[in-house]
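# Notes for the structure review
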Amino acid sequence: MTATLSDCPNWKYLLQEFDTLYRYGSAGGSKAIRSHRKRVRDALSAIIDTNPEIVVVEPTRKPVVEHLPRALDLGARAAVSGVARALGHVAAHLAWDYGYPSVPKSLSKKYAYAEILGPKGPVRAQGLILGFVLFAPGTTYPQHAHQDIEESYVSVAGAWSENDNAVYAPGSLILNRSGVEHRITTGDLDPCLLAYAWAGPRERLAAPGMKFSARRGSARDGT
Ligand SMILES: [Fe+2]
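Residues numbered from 1 in each chain as written. Predicted model: local features only at pLDDT ≥ 70, side-chain atom pairs only at ≥ 80, totals over all residues.

### Overview of the environment of Val65
The residue Val65 is located in the loop between α2 (31–49) and α3 (68–76) in this model. Looking at Val65, the number of C-beta atoms within 10 Å reads 17, which means it is partly exposed. It is 8.7 Å that separates the C-alpha atoms of Val65 and Ala136, two residues lying 71 residues apart in sequence. Once you skip the residues sitting within four places of it in the chain, Val65 turns out to touch Trp96 and Ala112. (Helix = DSSP H or I, 4+ residues; strand = E, 2+ residues; numbered from the N terminus. Buried ≥ 20, exposed ≤ 12 C-beta atoms within 10 Å, placed from the backbone. Contact = placed C-beta atoms within 7 Å.)

Laid out in structure tokens, this is it:
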């Protein structure tokens, strides 16, 4: 028998916490961020209304998952504590991945992400991907961009910067529009946990083609 969202309260509550992230609070006066937040919550509401299938995903770990308990502890006492606590209740079922065909060896110990909702599950849906990305302290996540995909990060725990522009704290939302290059660094003392949403055409979300941007004089693209 196929399980659906109504059979799995912990996944449903986690989606409710995602909805809260994108429904309440300010867009900071940005029309682009306001419309992205609306796009995410409208897509999420429509998906929840269909009572989607829950795919049983084999849990997988990556080395950075050793930092998850600390990230959840920090998140539980920060600005968006609800999502940190709800994530803790499904942590044993998460499939952590790199997303790239190959990653630099140093990064393989310091980064991974887990999808919550999308074409591959665990909550099966089209047109939207929700998940979490976890970084160890002192990580540099190389420059990259996403074609045809609007990406937002909401800080759950830890401090981080994007393109050396600012330091983001729990509760901050950062929008990366399609094709915009970005590079992330994280604070030295604690892990960094971000919730993310990807909105875009369903064909692109099913095959996002993740790769790091080539740098002059470097052969690091996708390696
Ligand atoms: Fe990104």
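### Focus: the confidence of the model for the protein
Per-residue pLDDT for the protein averages 92, and the proportion of residues at 70 or more is 95%. Per-residue pLDDT stays below 50 along residues 216–223; that stretch engages in 14 contacts with residues further than four places along the chain or on separate chains. (pLDDT = per-residue confidence, 0-100.)

### Concerning the sheet that holds strand β5 (residues 140–144)
Spatial ordering of the open sheet is given by β5-β9-β7, a layout of three strands whose pairing is antiparallel. Two strands bound the open sheet, and with one partner strand each, they are β5 and β7 (160–162). The sheet shows a mean angle of 10° between the axes of neighbouring strands, direction not considered. Two strands pair when backbone bridges link them, and β7 and strand β9 (residues 182–186) are joined in this way by three bridges, in the antiparallel orientation. Counted as the bridge partner of Glu162 is Ile184 from β9. (Pairing = 2+ DSSP bridges. Axes fitted to C-alpha atoms, helices over the stretch in contact; angles between N-to-C directions.)

### A short note on the environment of Glu151
As for its position among the elements, Glu151 is in strand β6 (residues 150–157). For Glu151, a count of 21 C-beta atoms within 10 Å puts it in the buried group. A sequence separation of 140 residues divides Glu151 from Trp11, and the C-alpha atoms of the two residues are 22 Å apart.

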